[in-house]
Protein chains: 2
Amino acid sequence: MVNQRVDPSWHTSKSDSSGASNSGESSRDSSRCSTPVLDADRTDRLRDKMKRRIESGDRWFSLEFFPPRTASGAVNLISRFDRMGSGGPLFIDITWHPAGDPGSDKETSSMMIASTALNYCGLESVLHLTCCNQSRDTITGHLQKAKRLGLKNIMALRGDPIGSDWEEEEGGFNYATDLVKHIRCEFDDYFDICVAGYPTGHPEAESYADDLRHLKEKVDAGADFIITQLFFRAETFLSFVRDCRAIGITCPILPGIFPIQGYQSLRQLVKLSKLEVPEEITEVIEPIKDNDAAIRNFGIQQAVEMCRVLLDSGEVPGLHFYTLNREVATMDVLRQLGLWVEDPRRPLPWALSANPKRKVEDVRPIFWASRPKSYIYRTQDWDEFPNGRWGNSSSPAFGELNDYYLFYLKSKSPKAALLQMWGEELTSEDSVFEVFTNYIMAQPNQNGHKVMCLPWNDDPLAPETNLLKDELERVNRRGVLTINSQPSINGKPSTDPIVGWGPPGGYVFQKAYLEFFTSSENVSALLKVLKKYEPRVNYHIVNVHGKNITNAHDMQPNAVTWGIFPGREIVQPTVVDPVSFMFWKDEAFALWIEQWAKLYEDESPSRMIIQYIHDNYFLVNLVDNDFPLDNCLWQVIDDMFEILDTPPVALQSN
Amino acid sequence: MVNQRVDPSWHTSKSDSSGASNSGESSRDSSRCSTPVLDADRTDRLRDKMKRRIESGDRWFSLEFFPPRTASGAVNLISRFDRMGSGGPLFIDITWHPAGDPGSDKETSSMMIASTALNYCGLESVLHLTCCNQSRDTITGHLQKAKRLGLKNIMALRGDPIGSDWEEEEGGFNYATDLVKHIRCEFDDYFDICVAGYPTGHPEAESYADDLRHLKEKVDAGADFIITQLFFRAETFLSFVRDCRAIGITCPILPGIFPIQGYQSLRQLVKLSKLEVPEEITEVIEPIKDNDAAIRNFGIQQAVEMCRVLLDSGEVPGLHFYTLNREVATMDVLRQLGLWVEDPRRPLPWALSANPKRKVEDVRPIFWASRPKSYIYRTQDWDEFPNGRWGNSSSPAFGELNDYYLFYLKSKSPKAALLQMWGEELTSEDSVFEVFTNYIMAQPNQNGHKVMCLPWNDDPLAPETNLLKDELERVNRRGVLTINSQPSINGKPSTDPIVGWGPPGGYVFQKAYLEFFTSSENVSALLKVLKKYEPRVNYHIVNVHGKNITNAHDMQPNAVTWGIFPGREIVQPTVVDPVSFMFWKDEAFALWIEQWAKLYEDESPSRMIIQYIHDNYFLVNLVDNDFPLDNCLWQVIDDMFEILDTPPVALQSN
C-alpha cells in the first residue's frame, strides 16, 4: 500500500537474524540505543530514511516552500507547516534568496523558517544554500549556524550571479560542485546534501551532455540525492533518469512536480527557469487563461496524471512538490495519488521536534500538551532530553517565556479576531466563564463568533477532549475554567484513531487528568472534598504567587500516559511533574495578561476583570490514579459544587 | 496494627504539604530522586528507618545470629536468613568472635556472613566489632572492609579481654566509647552505630550508676541506638529505660529478648553473661530440665508474656531477639505477638539486595528470576545500577560465573540428596524429562523422593508458576524442559497475594513468558510455528555455542513485568534483554554440567546423557506481547507438537 505511512523499523527488524555470536561479542559489539526508540524516522538521517523507503517500496513526497516576506506571513507559513506536516511529507525544503538576508535571525529569513519547521513543527527540513558571489567565510558561517540550529540537510546550489558581468573566480565558488566539496571538506559527513538536476539541461550549460557531466561531478563530490527542476512531461524526467544512470549516477533522483495553479504564476516561473511549456498544455490553457478555477483544476489533473506515470515507471521513489507556499493544489494532487496520510499515526501523544538532539526525547510534562512550541522553546537549551524516565532530568532549568511575540509562539489569530471571540467588553467573571464554555461547545457567542481558541489552546478541542465535552461544559459554566484534560484509558489498541499512538500491536493507557483555573472560594470547598479521595486523587493547587498545596510524594512525577508495545520497554510520554508544574504555572498565569488582558485598554473594566482572575484564581491539576475504574474527577467537582450550594448550617434554636 | 509491614513513605507523604514556593526555588532546591523509589525502607539508613517507625507507631523486631563454625553451616545459615528474612525483621546482626578470624574472607567469618546477609539476602545488617586488644590499624582495616562490602551499621563493643592480666592502654581501645569515637572520627557519619546496654549493670562495672554513666558516654560519643543484654523480667528493662532517660539518654533502646530454648544453653549463657536467673524461672525449669520440649514451650510462653508487657508499656519501639541461630522459638514468639509478617509484600517482583549502591536498582533481566544471588554476584562490580530504564546500562559487563562453589551460590541440598532427586542413574533423555516433570508436579519420583529443586531453581515452584502447573507438566513430559515462566497479567491489584508487588493502590501487569531447553528437532518445528505468531511472539533461541535465532528488534529489551502506582512513574522491574540473555545462556548451560553432570562419574552413561543435552539442546525464550489476550505460548508449543506428530507426507502415488 502506498498510502500508509508505516514505520519501516517494524518491518525490517522482524526478519530472523541468526548467526554465531557468543556472549562476549554480543556485549562488546552492542550498539543499542539507550532509549526505547519507537520510530526509526526520528533517528535516521534523511538519506537513510530514503534508503529504507526505497527498500520497502514505500513511496514518499516532499514539499518546497519559499520564505515569507512579512512577519504575519511567517505566522501563516508556520501554521501551514503544521497543517501540511500532518500529511506525512518525508521532508520539506526552504529556498534561499540572497537578496532577502536569508541567513539572518529575522523571522522571515530562510534560516529561521527552516529552523522553525525543524524545531517547532517537527519537520525534517532541507535548507537551500547558494554560493555564487559569496565568500568562503560567509558560506561556512551559514553552515555553522545551520548546524547549531539542528539542521542536517543542505540543498547546494550555485545560485544566480548578481549582475551580468559575473566571471569565474580562481578558487572561489563558481559551481554548486564547489559548494558540495566545501561542505564535505569543512563538515565531513554531518550534512546530507541535495543537488539540483535539470531534465532538459541547465539553461546556461553548453549542452545537455555537458550538464549531465556537471551533475555527475556534483554527485561524485558528495551529494546524496538529486531534486530536479520542474518539467511538463513524464517522459522528460524518465529519459533524464536513464541518462543519469547510464553515466553512473546511482543516488535517488526526485522529480520536481509543479502543479499549474494559475496563468500568471506559470508564465513567471517559465520565464525564470527558461523552460518551454509544451504545446499540448498551452493549447488547453490559453483559452481559459482568465478562469483561475479552470486553470487550477487542469493543473491538478495534469499533475496527477503525470505523477501516476512517474510512479508506475518504478523509477520514482518519491515526488517533490513546488508548492509556491499554497496548500490546496498540492494536497489535492497528493490525495488523489493516495500519498497524503489521511489518518496520521502519532509516534507519541505530543508534537515532536525534529531537532537531532531531541531524537531520544520521549517524555514531557502534560502541562504543555496544547503548547508544544512553547515547551520546545523553553527547553531548547537543555543539553540532554529526558529519555526514559523523566526523573533523569532532576532539575529542569526552563527558560523564561517573555518572548510571546516570537512568530512561532504567537496566536494564529489577529487581535481583531481574538476580541470577537473573547469579547470586546467583559462585564464580570461570568463573561469569562462564558468564553470558556463557548470554546468547549465550539458554539458562536452572543455576537455570533465561534470561539476557536483560548490563550492556552490555539486550536479547537482535540478529538480526545471531545470525549469529555458534556462534563467540561457543565463545569466551565460554573467557573471551573478547564485548560487541559484527558480521559482515563485502560488499554486501548495503539492504533485507536482517537487516543492511539506509537507502533501498531501495542496498548495505550492514561490516568484521567483535569487542569483548570478556579476561584479561591472554590478551592476551599475543593480541599474539603479532596480529603475523601485520598490516596486515589493526586492534586497540585497553586496561585500566581506560588502558594502551593499538594498531596504528591516529594518531588516524584506521576506517569499519566504510557504505552506497552511488542518487544519494547514501557514508554511513558507524559507525566505530571511537580517541579515543572511550577514553571508551567508562571506561563499559564502570564497568558491571562499577555494574550487576553492586553487586548483591552489599561484600566478598562475588561482588563481589570482579567487582572483580577490572574491575581486571585488558583491553577489546579487533578489526577485520578485508579485508571481501570470510572474517572472520579467529575464526581470530585460535583462534590465541590454541592458544598458550595449547601447553605451554611443555621444555629440550632433549642 | 502491629502485624502489618507497611511502607511508611506511603503514610508520611500523603499529608498535605503546603507553603509558599516559587518556581525558581522549587527547581533549585529540588533534591528529588533520579528513580521512582517504591520503598523508603530501601533508601533510608537504619536510624532513619527507626525514626519513621517510632513516629508511625509501627513496631519492629530484629534478629541476632552468630557466625557458623563450618562451611556447610554457612550454607544452612544463609538459607535460614532467607526464611527468617521473609518475616520482616528491621535488621539482623552478626556477632564478632576475635578467636574466629572474624574479619577474614573465610565463608564462616563474621564479615562475610554479614556481607552475604546484606548483599545476597537483602537484609539490613549490623556487624558487631570488638576493640579490646586490637590495634587502631586493625580496627580501621575492618571498618574499611565493611564499608567496601556495603555494610552501614556497626555494633561497637569492648569485647572480652584475652587473658586475665589485661590493663588499660594509654590511647588504646579500652572501652566501647573509644571505638565509637574512632568510628566517628575516621568515618564521620557513614556508619550507624549501636552500643550495648546492661539493664542490671555491666558485670565489671563499679556500680549500676557508674555503668549508666558509661552508657551515656557511648551515646554522647556518637552512638545511634542501644541494644540491651538479655534479662528475665520486663520491669528490669523498663526501670533501666527510665534511668537512661533520667540522665539524658534519648536514643532508641531495644530490649534484648532471649527465649529460653533449653536447659544447657540457658546455663551457659547465664554463666557467660554473669546474670542471675530469677527464682520464678528456676522453680519452673529445674523440675523439667530433662524435657527439652517442655522447656522450650515454657521459654516461648515466658518470652511472649514479657514482650507483651514491654510493648504495652509504650517504651519499646522494637524487640531484639537472641536467636542462637535457631528458628522455631523466635518465630513462634513473633507469630504470637503478631509481629511476624505472614504475607510479606514484595517491593519488587525479585529478591532485593540491601547494598546501598543497589538501592536504586529497579529493573533486572527476567532470566535470573530463580537465581537472584547469582545475578547479584555477577553484577557486583557494576558502578551503576540500571535505574529506570534498563537501556541506560547499554553494555552490561557481567562477571563470569565460575565460582559455583561459593557458599551463597551453592545448592542447599547435599550431593546425596540431589542424586536421590535427580536419579542415581539416568538411562536416556527421557529420564531427564521425568525429573523436570516430577519437579513441576512436586511429586515423588519412582524411588519415592520428591524433586524439590533443579539446577536452575533451588526452591520449589513459585506460587505464581503454580498457576501454570498443568500446562508445564504436559510440555515437560515431552521434552520442553522449562526453567522459567510467568503467566500474562492484565492489571491485577498490587496487593494480589500471588502476583502483586509494590505499594498498595497500584496495578501490576505481565507479558506471558516461557523459557526452556529443548532438542534441535523440536527447535526446527518450533521455528515453523513461530512464523504464524509474528509479531505477537518474540523469541530468542540459542545453543551453547552461541548460535542465536531471534526476531527481536536490534538490541532492544522487552518489558515483561510492569506496575502502575498512585503518584509514581511506571516501574518495569523485569525485561527480556537480548544482550543479557547471551550471558545468562552461558550460566544456564553451565549449570547442566556444574550441578548435574558432575554428580556422576566421568564417562558414565548418566554423565554422558547430561553432556549430550548440554552440547545439543537449545535454550529458548518466548514472550507473548499481547498481554490482554489469553496467553498463546501453550498454543505455540502445541502447534510444535502437532508438526512433530504429523508423519512426513508420502509421495503421491499417481
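What counts and how
- Residues numbered from 1 in each chain as written.
- Chains lettered and ligands numbered in written order.
- Predicted model: local features only at pLDDT ≥ 70, side-chain atom pairs only at ≥ 80, totals over all residues.
- Heavy atoms only, no water.
- Helix = DSSP H or I, 4+ residues; strand = E, 2+ residues; numbered from the N terminus.
- Buried < 20%, exposed > 50% of the residue type's maximum accessible area, 1.4 Å probe, protein only.
- Contact = heavy atoms within 4.5 Å.
- Areas by Shrake-Rupley, 256 points an atom, 1.4 Å probe, with all protein chains shown as cover.
- Pairing = 2+ DSSP bridges.
- Disulfide = S-S within 2.5 Å.
- Right-handed = clockwise from strand over helix to strand, strands pointing away.
- Arc of directions from axis to C-beta.
- Axes fitted to C-alpha atoms, helices over the stretch in contact; angles between N-to-C directions.
- Parallel < 35°, antiparallel > 145°, perpendicular 65-115°, else oblique.
- Nonpolar A, V, L, I, M, F, W, Y, C, P; charged D, E, K, R; others polar.
- Salt bridge = Lys/Arg side-chain N within 4 Å of Asp/Glu carboxyl O.
- Phe/Tyr/Trp six-rings, centres within 6.5 Å; stacked < 30°, edge-to-face > 60°.
- Lys NZ or Arg CZ within 6 Å of the ring centre and 35° of its normal.
- pLDDT = per-residue confidence, 0-100.
- Expected span 1.5 Å × (residues − 1).
- Bend = angle between axes of the 7 residues up to and from the residue.

## So, the overall build of chain A
Secondary structure assignment for chain A yields 23 helices and 19 strands. Taken over 654 residues, chain A has a buried fraction of 60%. Counted over contacts in chain A with a minimum sequence separation of 6, partners at least 24 positions apart contribute 73%. Roughly 26,900 Å² of accessible area belongs to chain A as shown, and the carbon and sulfur atoms make up 48% of that amount.

## What to know about the sheet that holds strand E18 (residues 571-576) of chain A
Residue and element names in this part refer to chain A. Taken in spatial order, the five strands make up an open sheet running E10-E18-E17-E13-E12, and their pairing is mixed. The open sheet has two edge strands, strand E10 (364-365) and strand E12 (489-493), and neither has a second partner. Pairing geometry for E12 and strand E13 (residues 507-510), over four bridges, is antiparallel. Bridge pairing in E13 places Pro493 opposite Tyr507.

## A look at the state of the cysteines
All names here are of chain B. In total, this model carries zero disulfides over all chains according to the counting rule given. Not engaged in a disulfide, the cysteine Cys185 finds its nearest cysteine sulfur in Cys131; these two sulfurs lie 15 Å apart. When its relative accessible area of 60% is taken as the criterion, Cys185 is described as exposed.

## Topic: the pairing of strand E3 (residues 91-94) of chain B
Residues and elements named next belong to chain B. Side-chain alternation along E3 places Phe91 and Asp93 on one buried face and Ile92 and Ile94 on a second face that is also buried. Two elements, strand E2 (residues 60-65) and E3, share four bridges in a ladder whose sense is parallel. Paired with Leu63 across the strands is Ile92, a residue of E3. In this region the chain leaves E2, passes through helix H5 (residues 71-85) and returns to the parallel neighbour E3; the handedness of that crossover is right-handed. Across three bridges, E3 lies against strand E4 (residues 125-130) in parallel orientation. Bridge pairing in E4 places Ile92 opposite Ser125. You can see the chain leave E3, run along helix H6 (residues 110-119) and come back into E4, and the turn it takes is right-handed.

## A closer look at helix H20 (residues 520-530) of chain A
Residue and element names in this part refer to chain A. Among all positions in H20, only Asn522, Val523, Ala525, Leu526, Val529 and Leu530 are buried. On an axial view of H20, the arc spanned by its buried residues comes to 165 degrees, and they lie on one face. Buried residues along H20 sit against strand E14 (512-518), strand E15 (537-543), strand E19 (618-624) and helix H23 (633-645).

## Some words on the packing of helix H17 (residues 429-441) of chain B against helix H19 (residues 469-477) of chain B
All names here are of chain B. Contact geometry for H17 and H19: axes closest at 8 Å, N-to-C directions at 170 degrees. Classified by the angle between their axes, H17 and H19 sit roughly antiparallel to one another. Between H17 and H19, the residues in contact are Phe433, Phe436, Thr437, Ile440 and Met441 and Lys469, Leu472, Glu473, Asn476 and Arg477, respectively. A per-class count over the contact of H17 with H19 returns five nonpolar, two polar and three charged.

## Notes on the sheet that holds strand E5 (residues 153-157) of chain B
Residue and element names in this part refer to chain B. Spatial strand order, E2-E3-E4-E5-E6-E7-E8-E9: eight strands in a closed barrel with parallel pairing. Direction aside, neighbouring strands of the sheet carry axes that sit 30 degrees apart on average. Pairing analysis gives four bridges linking E5 to strand E6 (residues 192-197), with the strands arranged parallel. By the bridge assignment for E6, Ala156 is matched with Val195. Helix H14 (residues 328-337) rests against E2 and strand E9 (318-322) of the sheet, and its axis sits at about 160 degrees to E9.

## Comments concerning the environment of Leu334(B)
Position of Leu334(B) among the secondary structure elements: in helix H14. When the C-alpha atoms of Leu334(B) and Ala416(B) are compared, they prove to be 35 Å apart, with 82 residues separating the residues in sequence.

## With respect to the pattern of salt bridges
All names here are of chain A. In this structure the tally under the stated criterion is 72 salt bridges over all chains. Here Asp192 ties to Arg45 by a salt bridge, and the two come within 2.6 Å at their closest N and O atoms. Of the two residues, Asp192 sits in strand E6 (residues 192-197) while Arg45 sits in the loop between helix H3 (40-43) and helix H4 (46-56), which places them 147 residues apart along the sequence. A residue is classified by how much of its surface remains accessible, and Asp192, at 1% relative accessible area, is buried. Taking the relative accessible area as the measure of exposure, Arg45 reaches 19% and is therefore buried. A salt bridge links Arg184 to Asp224; the nearest nitrogen and oxygen atoms lie 3.0 Å apart. Of this pair, Arg184 sits in helix H8 (residues 176-187) while Asp224 sits in the loop between helix H9 (208-220) and strand E7 (225-230); the two residues are 40 residues apart in sequence, bridging distant segments of the chain. Taken together, the shared-partner salt bridges connect Arg45, Arg47, Arg184, Asp189, Asp192 and Asp224 into one network.

## What about the pairing of E6(B)?
Residues and elements named next belong to chain B. With six of six residues buried, E6 is to be regarded as a mostly interior element. The pairing of E6 with strand E7 (residues 225-230) spans four bridges and is parallel. From the neighbouring strand, Cys194 faces E7, where its bridge partner is Phe225. Between the parallel elements E6 and E7, the chain passes through helix H9 (residues 208-220) in a crossover that is right-handed.

## Things to note about the environment of Leu272(A)
Residue and element names in this part refer to chain A. Mapped onto the elements, Leu272 comes out in helix H11 (residues 263-273). Its relative accessible area of 67% is what places Leu272 among the exposed residues. Spatially, the C-alpha atom of Leu272 lies 47 Å from that of Glu587, the residues being 315 residues apart in sequence.

## Comments concerning the packing of aromatic side chains
Per the counting criterion, the structure on display carries 53 aromatic pairs over all chains. Relative to Trp596(B), the ring of Trp422(B) has its centre 5.3 Å away and its plane inclined at 45 degrees; by these criteria the two rings are tilted. In this pair, Trp422(B) is assigned in helix H16 (residues 415-422) and Trp596(B) in helix H21 (residues 578-596), connecting sequence segments 174 residues apart. Comparing Trp422(B) with Trp596(B) shows no difference in burial state: the two are buried. Put simply, the rings of Tyr507(A), Phe509(A), Trp562(A), Phe627(A), Tyr507(B), Phe509(B), Trp562(B) and Phe627(B) touch in pairs and so form one group of aromatic residues. Above the ring of Tyr190(A), the side-chain terminus of Lys147(A) is found at 4.8 Å from the ring centroid.

## Looking at the confidence of the model for chain A
Residue and element names in this part refer to chain A. For chain A, per-residue confidence averages 88 on the pLDDT scale, and residues scoring 70 or more make up 89% of the total. Confidence drops under a pLDDT of 50 for residues 1-36, and excluding neighbours within four residues, the segment shows 95 contacts in the predicted structure. Across the whole predicted complex the pTM is 0.87, and at the interface the ipTM reaches 0.85.

## Quick word on H21(B)
Helical geometry: 3.6 residues make up each α-helical turn, so side chains three or four residues apart lie on a common side. Residue and element names in this part refer to chain B. Its 19 residues give H21 an end-to-end C-alpha distance of 27 Å, which sits within 8% of 27 Å, the value for a rise of 1.5 Å per residue. Maximal helix bending in H21 amounts to about 35 degrees, located at Ala590. Burial of H21 is extensive: 17 of the 19 residues sit out of reach of the surface.

## Quick word on the side chain of Arg184(A)
Classification of Arg184(A) as buried rests on a relative accessible area of 17%. Beyond its immediate stretch of four places on either side in the chain, Arg184(A) contacts Arg47(A), Asp189(A), Phe191(A), Asp192(A), Ile193(A), Ala221(A), Gly222(A) and Asp224(A).

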